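# Architecture at a glance
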Amino acid sequence: MTETGGRRPGRDWIARLGPRGAVELDRAASPRAVVEDAVARVGADPVRWAIELNSVVVRRIVGEVPALGGSPAAVELLRRGNEATTLRALFTLVEGPAAAPPTDEAILEGIHEFVHRAVPLERVLHGVRIGHAATTEAFLRACAELVDPELAVDEVTAVSRELFSYVDDLSDTMIRAYLVEHEVWSTSAAAARADIVRSLLSDATATATDVGEASRVLGYDLRRTHEAVVVWSDTPNGSSTLQAAATEALRARGATTTVVVPVASGRLWAWGTVPREGTVPSGGTPRSGSWESIAEGLSRQRTQAAFGTPGGGVEGFRRSHREAQRGERIERLRREAGRVPRHATAYADVAAIALLATDLDAAGDFVRRELGGLATRTASMEALRTTLYHYIGAERSLADVARRLHVARGTVTYRVKRAQEVLGHGLDDRRFALHTALALAEELGDAVLQPNSPVRQPNSPMRQPNSSVRQTNKSVSQPNRRPES
């Protein structure tokens with residue numbers, strides 16, 4: 001024992017660990033009480049170092065094993081679990097193996113999530129190995145830099161051995177937890193429903209008998225007309241909150257029955273049986289809620305939703321779901337571009353953009369080729385693009401554009417003239433291609449304006465949202481510099 005309590009002799013170098021960027025303790029994924037306990041045990045700077053390292057490691061894990069992500073909330077859950085393992089590795093090195101059991105509630109919560117999402121155990125263990133390799137590399141590099149050169153070789157060897165033993169115990173515990181949860185989950189009604197829905201989505205050869213049996217188990221008539229929705233939240237909302245949001249939104253769309261399938265933390269799929277176009281359900285009026293009222297309800301619950309178009313039978317069940325997923329993808333791309341989030345996205349409103357952006361790299365090449373200098377990522381060029389997009393869409397009505405953008409007609413005239421000068425040709429030349437490119441830029445921003453860069457390594461800086469974007473998502477945090485891994 002030393003004056004620091006349980007600190008082991010020769011491990012004073014850990015107290016000198018610190019982040020490379022400005023990392024505040026409130027950036028931690030762990031609960032405040034956990035962070036305060038960690039600071040009391042190893043110091044504030046080592047904890048900040050662990051928080052920063054965890055962000056790098058999680059990005060690497062999700063990049064190499066995408067199934068472990070699935071949604072922003074699922075990534076946040078992964079971040080919380082991996083941060084717990086990193087802090088416990090610190091405790092092990094400072095206080096000894098008995099100081100920290102290999103798992104805690106955050107880690108087990110992630111295991112349960114993977115089981116419920118049908119993520120295979122081998123992928124979970126692949127993620128563990130990736131995280132272990134990156135974390136160990138960072139610890140060993142820091143050890144080599146901070147320990148006296150005469151002692152560094154022995155200390156690096158000891159640290160490597162202790163971390164290997166820690167992760168070996170962690171893997172064993174996670175395997176046991178996965179298998180126990182898998183046995184419980186596989187016999188549950190929720191798992192049966194999820195398996196049936198996934199089978200319906202992947203198997204286009206289902207017979208009438210199969211459909212009838214699936215309808216019975218789901219308590220949902222698959223032979224009717226369906227409208228699909230994907231509901232998500234960027235925070236780990238409880239499943240009940242998302243289910244309530246999905247059910248409420250589908251009821252507002254005229255649904256009489258619904259089926260809901262959670263697919264990740266903070267994300268679920270749902271369907272509702274809705275009246276065919278032009279018919280009125282026995283219980284009320286079709287489409288009882290406007291898109292505006294649906295969006296308001298979703299906003300109150302801090303959720304977002306993307307809706308497919310109605311379709312009949314199992315094929316309509318599948319098609320509407322595919323459309324809802326495409327709508328979700330477009331909304332996520334818009335968020336990355338700094339656009340103001342839409343809480344309700346109807347596929348019919350974004351179908352053209354969704355299809356054009358199926359191959360995002362090709363769409364970006366097209367936009368930059370058609371717009372030339374007008375694709376430059378500056379505030380002035382963005383104003384020209386937006387004005388020209390609305391000008392062409394309004395059949396060149398200066399009054400309509402001025403009213404929509406809340407600017408003077410003279411401003412519209414100037415911007416249109418300036419945009420044509422930048423383009424180097426008139427608006428009648430390749431008008432359709434020009435308007436299409438402007439529409440993609442208006443919706444997706446940097447996703448199509450910025451050339452695709454090579455795959456970023458964990459040490460490379462993340463792309464920052466364009467600060468000049470007209471509609472900025474204020475909730476997006478700016479990444480700090482990260483430690484090498």
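Quantities reported herein were computed from a predicted structural model and do not represent experimental measurements. (Residues numbered from 1 in each chain as written. Predicted model: local features only at pLDDT ≥ 70, side-chain atom pairs only at ≥ 80, totals over all residues. Heavy atoms only, no water.)

### Side note on the overall build of the protein
Along the protein, the regular secondary structure elements total 18 helices and six strands. Counting across all 485 residues of the protein, residues that qualify as buried make up 47%. Put simply, 73% of the contacts in the protein that link residues at least 6 apart link residues at least 24 apart. Carbon together with sulfur atoms contributes 53% to the accessible area of the protein, which is approximately 23,100 Å² in total. (Helix = DSSP H or I, 4+ residues; strand = E, 2+ residues; numbered from the N terminus. Buried < 20%, exposed > 50% of the residue type's maximum accessible area, 1.4 Å probe, protein only. Contact = heavy atoms within 4.5 Å. Areas by Shrake-Rupley, 256 points an atom, 1.4 Å probe, with all protein chains shown as cover.)

### Considering the pattern of salt bridges
If you walk through the whole model with that rule in mind, you get 30 salt bridges. One salt bridge in this structure joins R253 and E227, with 2.9 Å as the shortest N-O distance. In this pair, R253 is assigned in the loop between α9 (239-252) and β2 (257-264) and E227 in strand β1 (residues 225-232), connecting sequence segments 26 residues apart. Judged by relative accessible area, E227 falls into the buried class, the value being 1%. (Salt bridge = Lys/Arg side-chain N within 4 Å of Asp/Glu carboxyl O.)

### As for the confidence of the model for the protein
The predicted model of the protein has a mean per-residue pLDDT of 83, with 85% of residues at 70 or higher. Within the model, the stretch residues 281-286 combines pLDDT values under 50 with seven contacts to residues more than four positions away or in other chains. A low-confidence stretch, residues 453-485 stays under pLDDT 50, and its non-local contacts, those more than four residues away or across chains, total 69 contacts. (pLDDT = per-residue confidence, 0-100.)

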